[in-house]
Amino acid sequence: MIKKRIIPCLDVKDGRVVKGVNFVGLRDIGDPVELAKRYNEEGADELVFLDISKTQNGHDLMIDIIRDTAKELFIPLTIGGGISSVSDIRQLLNAGADKISINSAALKDPGLIETASEVFGSQCICIAIDVKYDPAKEDCFVFTHGGSKDTGIRAYDWIVRCAELGAGELLITSMDHDGVKQGFDLDFLTKANALVDIPIIASGGAGNEGHFIELFRETDVSAGLAASIFHNKEVEIEDLKHKLHDEGFEVRLT
Amino acid sequence: MIGIVDYSLGNIQNIKNALEKLEFPYILSGNPAELRDCDVIILPGVGHFGSAAGTINALGIKDALLEIAASKRIIGICLGMQLLFESSEEGNAKGLGLLKGHVRKIDTPHVIPHLGWNTLESSKAALEGKDVYFIHNYMVEDAKDIVATSEYGPQVPAVAQKDNIIGIQFHPEKSGDAGLKILEQAILGGF
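Source: prediction; values computed, not measured.

Trainee: Would you mind going over the overall build of chain B with me for this structure?
Mentor: Each helix and strand counted, chain B has six helices and 14 strands in total. Scaling as 2.2 N^0.38, a compact globule of 191 residues should have a C-alpha radius of gyration of about 16 Å, and chain B matches this with 15 Å. Classification of the 191 residues of chain B by burial places 53% in the buried group. Here the analysis covers contacts within chain B between residues at least 6 apart in sequence; of these, 65% occur between residues at least 24 apart.

Below you can see the structure in the form of structure tokens.
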């Protein structure tokens, strides 16, 4: 049976892995290739690199990082951040990326999902969706720019649309839960998962091992993603996977 | 010398990386004459069966592969494995027909693509129980010569082998150390 996946996410800015502190100030926490190697040894099932560089030079450094990582690590690499065209996707895949995560460019031009999945195959097109609850409207909406811009698009509608357009996977981040470490947004993820028949990676809210157990017990999502709790070893991937295994979940033990 | 078939489709960088790690010399070529001179052929591929089959035909690679198959090892990976079979409903196209079987959309109660790590079930010790990374929408059906499968609703054919023809549905170049070992063994003689 297919394994539940545990995925660390590395935010990369100008060639370094950084960590946001309450959305202000970024702290340098290391070299991406070194950190990727550590995660490979700890048994991460995949890695996500999110390029948050603001400059062309920063984006170019990302290509070098993918190339260097892919030479040493033989696990799947997903690259996201600022990807807006078929030629961007081609460049990243040629450097060694396996999947491409597209966020705001897909909202701006949903046709990109269709084109990209036709050209490269839907299996390498992952659509990242940042979701926030609006208490006034009692509904969830898609946000961009790190949760600061409301697109006004209903999250459930967008999720269905992405799947229809040919997305191979969805990376759903619950912005209200992100960084709070109180657990994943189980209610939303359950509903989202029922709407589509492509894999969903859940993101936002993991603070301890129990949150992953809860995620896989309460929902049918395929994978759980987190960043800082893995970086600072609040949760160690190897221990987490053994815990999941003991709880009866199928995981890859290395 | 290993010849990776270059037909400008899909991502071959990670196969090159894996061969470098395993220290096998290789060339990347879409030239039938150059491919004929290689000892082992790797047919990679991600993407669409119909377009891949069309490109292979147009470049004259299909004829070369059919000729090479008589005497040398050919290893098809992912879509490259599917191309070894008779036909696919993806693009309704013919494959190389080196292996018996047809490619169809995966019929499963689970999500599609079949994406992630799954365990091999095989009578071959080199494959049995290994966790490997899959990512595909279509699978081989009614096939003979399947030597490993993975359960995903149906038993998904994971490795096919008939004499010197080997098909690998998962990505050995993305399946960690276990995957590299499987790729190495496929190159050195199969399972």
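Trainee: Sorry, what's going on with the interface of chain B and chain A here?
Mentor: Much of the literature gives interface size as the accessible area that the parts lose upon coming together. The partner chain A presents 27 residues to the 28 residues of chain B that form the contact. Those elements giving two or more residues to the side of chain B that touches chain A turn out to be α1 (13–21), β8 (114–119), β10 (131–136) and α6 (176–188) of chain B. Taken together, the residues that form the side of chain B that touches chain A break down as eleven nonpolar, 13 polar and four charged.

Trainee: Whenever I open this one, the packing of helix α3 (residues 86–95) of chain A against helix α5 (residues 111–120) of chain A confuses me. Can you help?
Mentor: The geometry of a pair of packed helices is captured by two quantities: the angle between their axes and the separation between those axes. All names here are of chain A. Relative orientation of the contacting elements α3 and α5 amounts to 40°, with a least axis distance of 10 Å. One way to sum up the angle between α3 and α5 is to call them oblique. For the pair α3 and α5, the crossing hand works out as right-handed. Contact with α3, carried on its side by Val86, Ile89 and Leu93, involves Thr115, Ala116, Val119 and Phe120 of α5 and no other residues of that element.

Trainee: Just to check I follow, could you spell out the sheet that holds strand β9 (residues 121–122) of chain B for this structure?
Mentor: Paired through their backbone hydrogen bonds, the strands of a sheet run either parallel or antiparallel. Residue and element names in this part refer to chain B. Overall, mixed pairing links the eight strands, which are arranged β2-β1-β3-β4-β14-β13-β12-β9 in an open sheet. Since the sheet does not close on itself, it has two edges, and those belong to β2 (26–29) and β9, each with one partner. Here strand β12 (residues 146–151) pairs with strand β13 (residues 155–162) via five bridges, running antiparallel. Within β13, the position partnered with Glu151 by the bridge is Gln155. Of the strands in this sheet, β1 (2–5), β2, β3 (40–43) and β4 (73–77) touch α1, which is tilted by about 170° from β1.

Trainee: Please explain the packing of helix α6 (residues 155–165) of chain A against helix α7 (residues 186–195) of chain A as it appears in this structure.
Mentor: All names here are of chain A. For the pair α6 and α7, interaxial distance at closest approach is 9 Å and the crossing angle is 35°. Judged by the sense of rotation from one axis to the other, the crossing of α6 with α7 is right-handed. Counted together, Tyr156, Ile159 and Val160 of α6 and Lys191, Ala192 and Leu195 of α7 form the full contact between these two elements. Residues that form the contact of α6 with α7 fall into these classes: five nonpolar, no polar and one charged.

Trainee: Could you clarify how one ought to interpret the UniProt feature "active site" (unreviewed entry) in chain B in this entry?
Mentor: What UniProt calls "active site" (unreviewed entry) maps, in this numbering, to B:Cys78, B:His171 and B:Glu173. Spanning 96 residues, the named residues form one tight spatial group whose C-alpha atoms are at most 10.7 Å apart. Looking at the element boundaries, B:His171 is found in the loop between β14 (165–168) and α6. According to the C-beta neighbour criterion, B:His171 is buried, with 26 such atoms within 10 Å. Discounting chain neighbours no more than four positions away, the residues touching B:His171 are B:Ile77, B:Cys78, B:Tyr133, B:Ile135 and B:Gly179. With respect to the element layout, B:Glu173 can be found in the loop between β14 and α6. Residue contacts for B:Glu173: discarding those within four places in its chain leaves A:Phe74, B:Asn14, B:Ile15, B:Ala18, B:Gly179 and B:Leu183.

Trainee: Could you clarify how one ought to interpret the nonpolar core in this entry?
Mentor: Here is a general trend for soluble globular proteins: nonpolar side chains tend to be buried in one another's company. Residues and elements named next belong to chain A. Core analysis: the largest hydrophobic core is formed by 144 residues, its most contacted members being Ile100 and Ile127. Considering every element that reaches this core, the biggest residue donor is strand β7 (residues 125–134), with six residues. Setting aside chain neighbours within four positions, we find Ile127 in contact with Ile102, Ala106, Ile113, Cys162, Ala167 and Leu170.

Trainee: Any chance you could explain unusual backbone geometry here in plain terms?
Mentor: Trans peptide bonds make up the majority, and among non-glycine residues the majority have a negative phi. Residues and elements named next belong to chain B. The step from Ile112 to Pro113 runs through a cis peptide bond, and the omega angle for that step is 5°. Residue Asp142 is not a glycine yet carries a positive backbone phi of 50°. In this fold, Asp142 is placed in the loop between β11 (138–141) and β12.

Trainee: Sorry if this is basic, but what is going on with the UniProt feature "active site" (unreviewed entry) in chain A here?
Mentor: All names here are of chain A. Here, UniProt's "active site" (unreviewed entry) annotation points to Asp11 and Asp130. Its location among the elements puts Asp11 in strand β1 (residues 5–13). Residue Asp11 is classed as buried on the basis of its 22 C-beta neighbours within 10 Å. Aside from chain neighbours lying at most four places away, what touches Asp11 is Val17, Val18, Lys19, Leu50, Ile52 and Ala227. Mapped onto the secondary structure, Asp130 falls in strand β7. Judged by the 26 C-beta atoms lying within 10 Å of it, Asp130 is buried.

Trainee: Explain the sheet that holds strand β7 (residues 102–105) of chain B to me, please; I cannot follow it from the model alone.
Mentor: Residues and elements named next belong to chain B. Within the open sheet, the four strands sit side by side as β6-β5-β7-β11. Their pairing is mixed. Strands with a single pairing partner mark the edges of an open sheet, and in this sheet they are β6 (93–94) and β11. Bridge count between strand β5 (residues 87–88) and β6: two bridges; the pairing is antiparallel. Following the sheet pairing, Ser88 is matched in β6 by Ala93.

Scoring rules and cut-offs
- Along each chain, residues carry numbers from 1 onward, in the same order as the chain's sequence is written.
- All chains are assigned letters beginning with A, and all ligands numbers beginning with 1, in the order in which they are written.
- Per-residue local features of the predicted model are confined to residues with pLDDT of at least 70, and side-chain atom pairs are confined, for both listing and counting, to 80 or more; whole-chain, interface and lining totals are unaffected and use all residues.
- Helix and strand definitions follow DSSP, with helices as H or I runs of at least four residues and strands as E runs of at least two, each counted in order from the N terminus.
- Computation of the radius of gyration draws on C-alpha atoms, with the globule rule given as 2.2 Å multiplied by the number of residues to the power 0.38.
- Partly exposed residues are those whose C-beta has more than 12 but fewer than 20 other C-beta atoms within 10 Å; 20 or more makes a residue buried and 12 or fewer makes it exposed, with C-beta atoms placed from the backbone.
- Contact criterion: two residues are in contact if their C-beta atoms, reconstructed from the backbone, are within 7 Å.
- Classification convention: Asp, Glu, Lys, Arg as charged; Ala, Val, Leu, Ile, Met, Phe, Trp, Tyr, Cys, Pro as nonpolar; all other residues, Gly among them, as polar.
- Between the N-to-C directions of two axes lies an angle of 0 to 180 degrees, each axis being a line fitted to C-alpha atoms and, for a helix, fitted only over the stretch in contact.
- In what follows, roughly perpendicular refers to angles from 65 to 115 degrees, roughly parallel to angles under 35, roughly antiparallel to angles over 145, and oblique to any angle outside these ranges.
- Handedness of a crossing is defined here by the sense of rotation of the near helix relative to the far one, left-handed for an anticlockwise turn of less than a right angle and right-handed for a clockwise turn.
- By this definition, two strands are paired if DSSP reports at least two bridges between them.
- UniProt positions are given in the numbering used here, feature names are shortened, and annotations may be inferred rather than shown by experiment.
- A set of buried residues qualifies as a nonpolar core if it consists of Ala, Val, Leu, Ile, Met, Phe, Trp, Tyr and Cys joined through C-beta atoms within 7 Å.

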